[in-house]
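Descriptive analysis of the structure
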Amino acid sequence: MRDIFIGREEEINILRKRVDSFLQGYRQNIAILGKTNIGKSYLIEYFLKTYKPRNLQSIYINLEYINYSSFNINILYLILTGYLKKETNAVNLQEKLKIVESLLPEINKYLPETAKKINDFLAKKERINFDILTAIINAFIKDTGVYLLWILNDYTKLADFSKKMLSQLSKYIMGQKNIMYIFISSNERRAEKMLSEELNLLFGNFEKIYLKGFSAVEAQKFIKIKLGRIDSVAERFLINISGLNPFYLDLLTSCFKQNQPGANIDYLSFLRTLNLCLSDKASPVYNVLQAKLMRLKEKFKDVYEVNKYLISIAEGKKCKNEIGNSLEIESKNVARILNKLIEEETIKRNGDVYFFADNLFAFWVSIVLKARMFCPYCSEDEIKDITFNYLEEKFVIFKEESAKSNIDKILKLVRLFGDENIKINNKKVLLPTIKRLRVVDSYHKTMKFIIGEGKKYLIISFKDTAPREEDIQEFINRCRYFKGRKLRKIFLSLESVDENCRLLAKINKVSLWERDEINFLMKIYNQPPII
């Protein structure tokens, strides 16, 4: 994927604006948060390649590869080598293996004050001292006239170093105005906690960028660049199982390219190659997903039991009782395993509903892990035959569902509601069990009203295009027919809704959901997204 950069315009624009402002004297630090392999490091890599102000020097540290005692030395080393490489061409990649002391003679020629401060630091032999680090960096900035962009990847590992260090770093960030910080993390829950507690600064709080996957349009563009012609349903199927994750799309399309170079990818060849990608032990896709399973094995005593939970959830069991019933396990024991899986960020919980955090892993579990669990005595060739049958069955269902109109997809979704409580846009919503459904046209026949009856009434307006204020008003008027009844009012739109419509909906207590919210529901009810 290193030669393809698609989307991310909004995130790149934010980074450019914030760095421009920093160079003009106003600093806003940034935290980039998102799932593993969603493209956080690649975003920064691309940004630094395409944005190179003369008076800015970046230092990039991945905390996964350093420890507490080497923290300061690594910062100093990166500052010095970065300067020498940029200003004097005195450092090449091989010479980056040198230690800080060996760089001092060269630094002393250009930055005498900085070299003096570093010598003072090395003489004290302290592991972490932010006062001295501040003095060194101040001297460096004075000597060079540059501003520093400090990028710290996997920053939640700071908490594993020392609580005292976090406190010192927080004060350091507040006091050192000539450095802008970009913190990166895949562990969203822990990252949020650190930003709101240990790194919650009185001035200069972090602006958060939540990095998501591709849009459907971006994913289609990426697949076309990588594979050329491909069956349209197969393309949508690939987008669906990847969860719009750029890393997975790159991995899957690379696997296709290797196994079918230059060929048009039709229906059958698509399934055969995808089965190879998912089930062959030599496949990079298989190994990435198997590694996720192996990491779980280290956390649980009974991995066989956990595998059964994973298969149950991957096959669409979404609530605690459903999962317990499918496994014939008591509810209290179900909760214990589910909570541990949430801690490990394998699954997520939204209200009453549990679902996989990773679409492709869920898909792999429902095909490959299931085959290996239920047929442990089978040969590798027999396993591949079983997984192909599972895969073909899922593809046929997906093809049938994809052919349905959008309104039919919404109707099927509504029929799956079973009194689950979920959160959408930070608001708790009860999705009631519906016994009877009616669909009626709006006055101008530009949208559909879905009326569901059960213990509670549910009325949904659905529109493929962006709603107008008169559409919202017509829906509100329709809802008045049900005055005095317990009523859930939801307006669904596949396109963006403007602020006037939002305000009108809010005043009248109408839940307004767009494509992302609709597809979130599709995901947790194990249905294909609307692409």
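Described in the following lines is the structure provided in the data block. (Residues numbered from 1 in each chain as written. Predicted model: local features only at pLDDT ≥ 70, side-chain atom pairs only at ≥ 80, totals over all residues. Heavy atoms only, no water.)

Here we take up the packing of helix α15 (residues 303–314) against helix α16 (residues 320–327). Where α15 contacts α16, the axes come no closer than 10 Å and their chain directions differ by 120°. It follows that α15 is oblique to α16 by the angle criterion. When you trace α15 past α16, the crossing you get is right-handed. When α15 is examined against α16, the residues K308, Y309, S312 and I313 are found in contact with a partner set consisting of I323, S326 and L327. Its residues assigned to classes, the contact of α15 with α16 comprises 4 nonpolar, 2 polar and 1 charged. (Axes fitted to C-alpha atoms, helices over the stretch in contact; angles between N-to-C directions. Helix = DSSP H or I, 4+ residues; strand = E, 2+ residues; numbered from the N terminus. Parallel < 35°, antiparallel > 145°, perpendicular 65-115°, else oblique. Left-handed = near helix turned anticlockwise from the far one by under 90°. Contact = heavy atoms within 4.5 Å. Nonpolar A, V, L, I, M, F, W, Y, C, P; charged D, E, K, R; others polar.)

This paragraph deals with the sheet that holds strand β4 (residues 179–185). If you trace the 5 strands from one edge of the open sheet to the other, you get β2-β3-β4-β1-β5, paired in parallel fashion. Each edge of the open sheet is held by one strand with a lone partner, namely β2 (56–62) and β5 (207–210). If you compare each strand with its neighbour and ignore which way they point, the axes differ by 15° on average. Alignment of strand β1 (residues 30–33) against β5, held across 4 bridges, turns out to be parallel. From the neighbouring strand, L33 faces β5, where its bridge partner is Y210. On top of the sheet, helix α8 (residues 163–175) reaches β3 (147–153) and β4; it is set at about 135° to β4, its chief contact. (Pairing = 2+ DSSP bridges.)

The subject of this paragraph is the side chain of K226. Summarising the element assignment, K226 is placed in helix α10 (residues 216–227). Polar contacts involving the side chain of K226 include one to the side chain of S254, which spans 3.1 Å. (Polar contact = N/O pair within 3.5 Å; in protein donor to acceptor, adjacent residues only side chain to side chain.)

Taking strand neighbours across the sheet as the criterion, the 5 strands line up as β10-β11-β12-β13-β14 in an open arrangement whose pairing is mixed. In this open sheet, the two edge strands, each paired with only one partner strand, are β10 (436–441) and β14 (511–513). Between one strand axis and the next, the sheet turns by 20° as a mean value, whatever way the strands run. The pairing of strand β13 (residues 487–493) with β14 spans 3 bridges and is parallel.

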